Amino acid sequence: MKNIYEVFDEFEEAKNKKARMSVIEKNLSKTLVDVLQLTFHPGCQWLVKEVPDNYKPSIETVPGLSRCQLSTEMRKLYLFQKGNTTAENLTERKQNELLIQLLESIEPREAEVVMGIFKKDQGVKGLTYEFVKEAFPDLIP
């Protein structure tokens, strides 16, 4: 299974909408669907908008061999979600610490995907709300 950023790289290289749909179909996974939903669903709002100043991406991580994967760390994103009681009760300092731990535990490119979720934009050419709605009609309103 490819990392989400690898799927996004392939998606961006696709020449047209049909090719982009094909990339999504052949790389379909729970993690990809979750990333798309958390990024584009208007009901998912985030307390975090920017990378913390003291975040230091790992320069020693070999792609595909980090100690943690995005697929396992996604379960922690509730700690940064607006409206979540636990997230809303964290101090800004504690939330910042938890975010840095999460981002530094995964590959830097996967950390970019997490920040794309928080910004509601993955920065991938052609990957829009409209595209996701067409590809997954029941995923987002």
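Residues numbered from 1 in each chain as written. Predicted model: local features only at pLDDT ≥ 70, side-chain atom pairs only at ≥ 80, totals over all residues. Heavy atoms only, no water.

1. Description of the side chain of threonine 31
Argument step 1. Within the secondary structure layout, threonine 31 lies in helix α3 (residues 30–40).
Argument step 2. What makes threonine 31 buried here is its relative accessible area of 11%.
Argument step 3. Residue contacts for threonine 31: discarding those within four places in its chain leaves Ile4, Leu70, Ser71 and Met74. (Helix = DSSP H or I, 4+ residues; strand = E, 2+ residues; numbered from the N terminus. Buried < 20%, exposed > 50% of the residue type's maximum accessible area, 1.4 Å probe, protein only. Contact = heavy atoms within 4.5 Å.)

2. With respect to the layout of surface pockets
Argument step 1. What the largest pocket holds in volume is close to 230 Å³.
Argument step 2. Forming the walls of the largest pocket are Leu47, Val48, Lys49, Glu50, Val51, Pro52, Asp53, Asn54, Glu92, Gln95, Asn96 and Leu99.
Argument step 3. Of the residues that constitute the lining of the largest pocket, the class distribution is five nonpolar, three polar and four charged. (1 Å grid on protein atoms, 1.4 Å probe; cavity = no way out; pocket = protein on both sides within 12 Å on 5 of 7 lines; lining within 4 Å. Points joined across faces, edges and corners; volume = space filled by probe spheres on them. Nonpolar A, V, L, I, M, F, W, Y, C, P; charged D, E, K, R; others polar.)

3. Quick look at helix α7 (residues 108–119)
Argument step 1. Spanning 12 residues, α7 covers 16 Å between terminal C-alpha atoms, matching the ideal 16 Å at 1.5 Å per step.
Argument step 2. Turning to α7, its buried residues number three or more, namely Glu110, Ala111, Val113, Val114, Met115, Gly116, Ile117 and Phe118.
Argument step 3. Residues of α7 that are buried sit in contact with α1 (4–13), α3, α4 (70–73) and α6 (92–105).
Argument step 4. Following α7 by one or two positions, lysine 120 has its phi on the positive side, about 65 degrees. (Expected span 1.5 Å × (residues − 1).)

4. A word on the packing of α6 against α7
Argument step 1. At a minimum axis distance of 8 Å, the contact between α6 and α7 shows a crossing angle of 135 degrees. In terms of orientation, α6 lies oblique with respect to α7. In this structure, α6 contributes Leu99, Leu102 and Leu103 to the contact, and α7 contributes Ala111, Val114, Met115 and Phe118.
Argument step 2. Classifying every residue of the contact of α6 with α7 by side-chain character gives seven nonpolar, no polar and no charged. (Axes fitted to C-alpha atoms, helices over the stretch in contact; angles between N-to-C directions. Parallel < 35°, antiparallel > 145°, perpendicular 65-115°, else oblique.)

5. Brief notes about the nonpolar core
Argument step 1. Core analysis: the biggest nonpolar cluster contains 43 residues, and Phe8, Leu36, Leu77, Phe80, Phe118 and Leu127 have the highest contact counts within it.
Argument step 2. Looking at this core, the elements with two or more residues in it are α1, α2 (17–26), α3, α6, α7 and α8 (129–135).
Argument step 3. For this core, the element with the most residues is α7, which contributes six residues.
Argument step 4. Leucine 77 has contacts with Leu38, Trp46, Leu102, Val114, Ile117 and Phe118, leaving out every residue within four places of it along the chain. (Core = buried A, V, L, I, M, F, W, Y, C linked by side-chain atoms within 4.5 Å.)

6. Concerning unusual backbone geometry
Argument step 1. Backbone geometry at lysine 120 places phi at a positive 65 degrees, although glycine is not the residue there.
Argument step 2. In this structure, lysine 120 sits in the loop between α7 and α8.
Argument step 3. Among the residues examined, lysine 120 registers a relative accessible area of 21% and is labelled partly exposed.

7. Quick look at the packing of aromatic side chains
Geometry of an aromatic ring pair is reported as the spacing of the ring centres plus the angle between the planes.
Argument step 1. This model, assessed by the stated rule, comprises three aromatic pairs.
Argument step 2. Consider the rings of tryptophan 46 and phenylalanine 118, whose centres lie 5.2 Å apart with planes at 50 degrees: the pair is tilted. Within this pair, whereas tryptophan 46 is found in the loop between α3 and α4, its partner phenylalanine 118 is found in helix α7, the two being separated by 72 residues in sequence.
Argument step 3. For tryptophan 46, a relative accessible area of 1% translates into the label buried.
Argument step 4. An aromatic cluster is defined as three or more aromatic residues linked by ring pairs; in this entry it consists of Trp46, Phe80 and Phe118. (Phe/Tyr/Trp six-rings, centres within 6.5 Å; stacked < 30°, edge-to-face > 60°.)

These values are about where atoms sit, not about what they do.
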